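Understanding the architecture of this molecule
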Amino acid sequence: MYERPLNDDPAASNAYDALKNTADKVMQGLEKVREHKEINRRRWLWELVQNAKDLPNRFGRLSIKLVRQQDQLTFAHNGDPFRVRDVTALINQVSSKPSDSIDAQITGKYGTGFISTHLLSTTIEVTGVIQREGLPAKLMRLMLDREGNRSEDLIPKIEKARALVERIDSDAAFQDLPDYDTRRTEESFDTEFTYRLVTDDARETASVGLADLVNTLPYTLGNLAQVKRMLVEDMVTGRTLDYRCEVVANDGAIRKLRMTAG
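Residues numbered from 1 in each chain as written. Predicted model: local features only at pLDDT ≥ 70, side-chain atom pairs only at ≥ 80, totals over all residues. Heavy atoms only, no water.

Quick look at the overall build of the chain now. Assigned secondary structure in the chain consists of 6 helices and 9 strands. The 262 residues of the chain split such that 46% are buried. Sequence separation of at least 24 residues holds for 64% of the intrachain contacts in the chain that already meet a minimum separation of 6. Split by element, the accessible area of the chain, about 13,500 Å² in all, is 49% carbon and sulfur. (Helix = DSSP H or I, 4+ residues; strand = E, 2+ residues; numbered from the N terminus. Buried < 20%, exposed > 50% of the residue type's maximum accessible area, 1.4 Å probe, protein only. Contact = heavy atoms within 4.5 Å. Areas by Shrake-Rupley, 256 points an atom, 1.4 Å probe, with all protein chains shown as cover.)

Shown next, in the form of structure tokens:
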């Protein structure tokens, strides 16, 4: 059990309080998500789409790929690499959107809405590229582990993830990617969120979210100017959907949606 330090060291006490505050916030968020499970079963996918569409993209517009297998779901996109603040926002469950942002296109990244995706799995494997100004890009693998019944169960997991990011220049988990910018293409879906669907309830949550996507994506994608394409490969049903939104006016105000299904 992870408990408050018994000594009078201010630094140790402050560090524990910061971890406990994050753990409390995550636990409260999980409880709310589970309390309103039926709503959030339809929400999780749109939260991932909203977070992705807020990312800039060197190719002009974003492409998304969703793959479901019987026991796993992966959401990937070709948005620009993570910044350190994006990674810490994921760990600490805070929005990386500036609080004074006046950009109406940004709806918030990795804030309270993202926690709804934990209905799929209490652990999320995040793979992507992290880039800092003036430094080489690095491949990153991070586990967001929210498994536990109380805040104290989450504290060591949050602390472990934080410590990993602080070792970005020394830990083998971060691999150098020489010439990443020149090798990257529009088909490079480098950012992945992988969810292990280990329970019947998780698999049902995936099914509900995908069914809602099929019914509403044509309208939604037509109104998301930042998203160019969304490819859905459902290995469970054998269905493949490829939504493409093409701009047909120079001002971007008129868009045409093309869908292929297999």
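Moving on from the coordinates now.
Looking at the element boundaries, R229 is found in strand β7 (residues 227-234). We classify R229 as buried; its relative accessible area is 13%. The residues touching R229, leaving out its near neighbours within four places in the chain, are L62, S63, I64, E187, D242, Y243 and R244.

The next thing to look at is the environment of T205. Here T205 is to be found in helix α6 (residues 200-222). Note: C-alpha distance between T205 and L119 (86 residues apart in sequence) is 7.0 Å. Filtering out sequence-adjacent residues up to four positions away, T205 remains in contact with R41, W44, L119 and L120.

What follows is about helix α4 (residues 151-166). Between its first and last C-alpha atoms α4 spans 23 Å; for 16 residues at 1.5 Å apiece the expected length is 22 Å, and the two agree. Restricting attention to buried positions, one finds in α4 the residues S151, E152, L154, I155, I158, A161, L164 and V165. In this structure, the buried side of α4 is in contact with α1 (10-35), α3 (84-92) and β4 (138-145). (Expected span 1.5 Å × (residues − 1).)

This next bit is on the environment of G60. Its place among the elements puts G60 in the loop between α2 (37-53) and β1 (62-69). Remark: the alpha-carbon pair of G60 and K228, spanning 168 residues in sequence, is separated by 8.8 Å.

Let's shift gears to the packing of α3 against α4. Axis separation between α3 and α4 bottoms out at 10 Å; the angle between their running directions is 170°. As far as their axial angle goes, α4 and α3 are roughly antiparallel. Residue-level contacts link V87, T88, I91 and N92 of α3 to I158, A161, R162 and V165 of α4. Its residues assigned to classes, the contact of α3 with α4 shows 5 nonpolar, 2 polar and 1 charged. (Axes fitted to C-alpha atoms, helices over the stretch in contact; angles between N-to-C directions. Parallel < 35°, antiparallel > 145°, perpendicular 65-115°, else oblique. Nonpolar A, V, L, I, M, F, W, Y, C, P; charged D, E, K, R; others polar.)

The next thing to look at is the pattern of salt bridges. Under the criterion given, the structure shown has 18 salt bridges. The shortest N-O distance in the salt bridge between D201 and R41 comes to 2.5 Å. Taken together, the positions of D201 in helix α6 and R41 in helix α2 put the pair 160 residues apart, joining distant regions of the chain. We classify D201 as partly exposed; its relative accessible area is 32%. A salt bridge links R244 to D242; its shortest N-O distance comes to 3.2 Å. Note on R244: relative accessible area 28%, which makes it partly exposed. Of the residues examined, D242 reaches a relative accessible area of 10% and is grouped as buried. Within this structure, K37, E38, R41 and D201 form a network of salt bridges that share partners. (Salt bridge = Lys/Arg side-chain N within 4 Å of Asp/Glu carboxyl O.)

Of note, the phi angle at Q93 is positive, near 55°, even though the residue is not glycine. Along the chain, the position of Q93 falls in the loop between α3 and β3 (123-130). A positive phi is found at D179, a non-glycine position, where the angle reads about 55°. Within the secondary structure layout, D179 lies in the loop between β5 (175-176) and α5 (180-183).

So, on to the side chain of N78. Secondary-structure assignment places N78 in the loop between β2 (72-77) and α3. Using a relative accessible area of 0% as the deciding quantity, one classes N78 as buried. A polar side-chain atom of N78 sits 2.9 Å from the main-chain carbonyl oxygen of E186. When neighbours within four sequence positions are excluded, N78 is seen to be in contact with N57, F59, L62, S63, R184, E186, S188 and F189. (Polar contact = N/O pair within 3.5 Å; in protein donor to acceptor, adjacent residues only side chain to side chain.)

Moving on to the nonpolar core. Core analysis: the biggest nonpolar cluster contains 54 residues, and F75, V126, L142, F193 and M230 have the highest contact counts within it. No other element matches the 7 residues that α1 contributes to this core. Listed in part, the 5 residues of the second largest apolar core include V129, A137, L139 and L177. (Core = buried A, V, L, I, M, F, W, Y, C linked by side-chain atoms within 4.5 Å.)

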